[in-house]
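Understanding the architecture of this molecule
The residues making up each chain are set out below.
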Amino acid sequence: MKEKLSFSSYFVIGVMLFALFFGAGNLIFPASLGQNAGTNLWPAVIGFLITGTGLPFLGILAMGFSGSRNLQELASRIHPVYAVIFTALLYLTIGPFFATPRTGAVAYDIGIAPFVADDYVKIGLFIFTLLFFGITLWLSLNPSKIVDRVGKILSPGIIILLAVLLITVIVKPMGSFEAPQEAYSSGAFMKGFTEGYNTMDALASLVFGIIVINAIRALGITSKKEILSATMKSGIVATIFLGIIYVGIAYLGATSTGMFGLFDTGGPVLSNASSYYFGTFGAVMLAIIIILACLTTSIGLITACGEYFNLLFPKISYKAFVLFFSLLSFTIANFGLANIINYSVPVLMFLYPLAIVLMLLTFLSPLFKHSRLVYVAAIAVTFCISIIDGLKTFFDIFEIQYPNWLFSIIDFYKNNLPMYTEGLGWLVPVLVVILVTGIIGRVKYQKQEDMRATEV
């Protein structure tokens, strides 16, 4: 039994956590942000780092602080039924609905599409994703150490390759920053803040946190204080690596616009930059590493979802879930990367506030004596606002006119909720509700304690 972990131990766990987080979204979204933010890059990047690295770090800490065995147990503080629905929706979001199809689409966009003629891009995507998710299915049905071994080789490989590319970009930029696109011309910080949702890492952190805690316990750490300390140190390591890569890729994107023009997604930015600096060899090397990295991520996500839903519905076999999720991921991947991103944003605008408030409640829970009233009230208020945010985002992205009832609610929120137009309309109401119900919770707890003392 150990009292503390050595630096090397939590550094290794931190690198493992970085590898868990690092996937397709971590490459494409900062590149796209850089292209669109242009001269407003730095406020946009700061906003992106808060949600792209800060929230995942808080998520990892929240799981360590809570002492819960898994996300469903933590969410059951609100209600057992809510816990199942929230956890299942989160797994589906970071799994077969969005994140897993995105791995195949990004691997194709970066690794294969640059070498495919325009007339054959769609059929190329179909053939590639068929092979990609076929391999995912095969390896998910037959768990093997080969995935872990490839992952351990790939993580340093990706970091080295990206480091070479990003250092080259800094030393020899492709061009200067262009004027920002409309979405970033004003309020670049808040735009970057909401763009950070797209990485889905804050949602994933509520799942990955348990993996980190189990790794720490496996090294002989048993005290809650030391587990939390080691979790924090490991989280800092992963956050630093992610932050450096985000800033570098965003800078690459910002300097590439004049050379390549604007792309719909961040995938072509990286492939074109690699070709620009290192020729065909560079593009091929990037393609191989990104495809393998996306494949290992895909296998991990499909396996995790299969295991969770098999636990939830034990009468349906793990293999049946893996087959279904692989087929679903393959189907959604063929809608193309841009469509996957567009459809995911409204869901993330709905889910992220719920996840953030759950993290916040976890840290504040001792202050209000873990009163369920506070959990239920805060989540209920968050739900009422975030569900409208999700619907509003959906209608905005697809340029659909709001129904009258939705327009009335949005208008009411705009006029009465601070920071609503910035996507943070839920924040002030939730803080007020936590304060009021927290006081009630403490008073009730104190009365119960006084009654117990009187009985004794």
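These remarks concern the structure in this document.

The rules behind the values
- Residues numbered from 1 in each chain as written.
- Predicted model: local features only at pLDDT ≥ 70, side-chain atom pairs only at ≥ 80, totals over all residues.
- Heavy atoms only, no water.
- Helix = DSSP H or I, 4+ residues; strand = E, 2+ residues; numbered from the N terminus.
- Expected span 1.5 Å × (residues − 1).
- Bend = angle between axes of the 7 residues up to and from the residue.
- 1 Å grid on protein atoms, 1.4 Å probe; cavity = no way out; pocket = protein on both sides within 12 Å on 5 of 7 lines; lining within 4 Å.
- Points joined across faces, edges and corners; volume = space filled by probe spheres on them.
- Nonpolar A, V, L, I, M, F, W, Y, C, P; charged D, E, K, R; others polar.
- Disulfide = S-S within 2.5 Å.
- Buried < 20%, exposed > 50% of the residue type's maximum accessible area, 1.4 Å probe, protein only.
- Phe/Tyr/Trp six-rings, centres within 6.5 Å; stacked < 30°, edge-to-face > 60°.
- Lys NZ or Arg CZ within 6 Å of the ring centre and 35° of its normal.
- Patch = residues over 30% accessible without salt bridge, like charges linked within 9 Å, V, L, I, M, F, W, Y side chains within 5 Å.
- Areas by Shrake-Rupley, 256 points an atom, 1.4 Å probe, with all protein chains shown as cover.
- Salt bridge = Lys/Arg side-chain N within 4 Å of Asp/Glu carboxyl O.
- Axes fitted to C-alpha atoms, helices over the stretch in contact; angles between N-to-C directions.
- Left-handed = near helix turned anticlockwise from the far one by under 90°.
- Contact = heavy atoms within 4.5 Å.

Things to note about helix 3 (residues 41–66)
Spanning 26 residues, helix 3 covers 36 Å between terminal C-alpha atoms, matching the ideal 38 Å at 1.5 Å per step. Where helix 3 bends most, the angle comes to about 30°, and this point is G54, followed within four residues by the proline P56. Positive backbone phi, approximately 75°, marks G67, located one or two places after helix 3.

Regarding empty space enclosed by the protein
A complete count under the given rule lists five cavities of 30 Å³ or more for this structure. Empty space within the largest cavity amounts to approximately 40 Å³. In terms of lining residues, the largest cavity is bounded by L17, F21, G52, T53, P56, F57, I60, G235, T239 and L242. Broken down by class, the residue content of the lining of the largest cavity amounts to six nonpolar, four polar and no charged.

Thoughts on the state of the cysteines
As enumerated under the stated definition, the model contains zero disulfides in all. With no disulfide partner, C305 has as its closest neighbouring cysteine sulfur the one in C294, 16 Å distant. Under the relative-accessibility criterion, C305 is labelled buried at 2%.

Here's the deal with unusual backbone geometry
A positive phi angle is found at E399, which is not glycine, with a value near 50°. Along the chain, E399 turns up in the loop between helix 16 (372–397) and helix 17 (404–416). Even without being glycine, M419 reaches a positive phi, approximately 65°. Within the element layout of this structure, M419 appears in the loop between helix 17 and helix 18 (427–455).

A short note on the packing of aromatic side chains
A full pass over the atoms with the stated rule returns 35 aromatic pairs. A centroid spacing of 5.0 Å and a plane angle of 80° characterise the contact between F132 and F133, whose relative ring orientation is edge-to-face. Here F132 matches F133 in class, with each residue buried. Every member of this aromatic cluster is reached through a ring pair, and the members are F7, Y10, F11, F18, F22 and F241. Here the guanidinium or amino end of K224 rests over the ring plane of F65, the centre of that ring lying 5.5 Å away.

Quick notes on the layout of surface pockets
The volume enclosed by the second largest pocket comes to roughly 1,300 Å³. In terms of lining residues, the second largest pocket is bounded by 37 residues, among which A183, K191, E195, V345 and I397 are the most central. Where the lining of the second largest pocket is concerned, the elements lending two or more residues are helix 2 (24–37), helix 9 (182–185), helix 10 (188–195), helix 15 (337–364) and helix 16. Examining the composition of the lining of the second largest pocket, we find that six residues originate from one element, helix 15, more than from any other. Partitioned by chemical class, the residues of the lining of the second largest pocket number 15 nonpolar, 13 polar and nine charged.

Regarding a nonpolar patch on the surface
A grouping of L373, M419, V428, V432, L435, V436, I439, I440 and V443 is seen on the molecular surface, where their side chains present a nonpolar patch of about 720 Å² in accessible area. Per-element accounting of the nonpolar patch gives the leading share, seven residues, to helix 18. Secondary-structure assignment places L435 in helix 18. L435 sits in the exposed class, given a relative accessible area of 56%.

Describing the packing of helix 3 against helix 10
Look at helix 3 against helix 10: their axes get within 6 Å of each other, and the N-to-C directions meet at 35°. Seen from above, helix 3 lies across helix 10 with right-handed handedness. Along the contact surface, helix 3 presents P43, A44, I46, G47, F48, I50 and T51, while helix 10 presents A188, F189, G192, F193 and E195.

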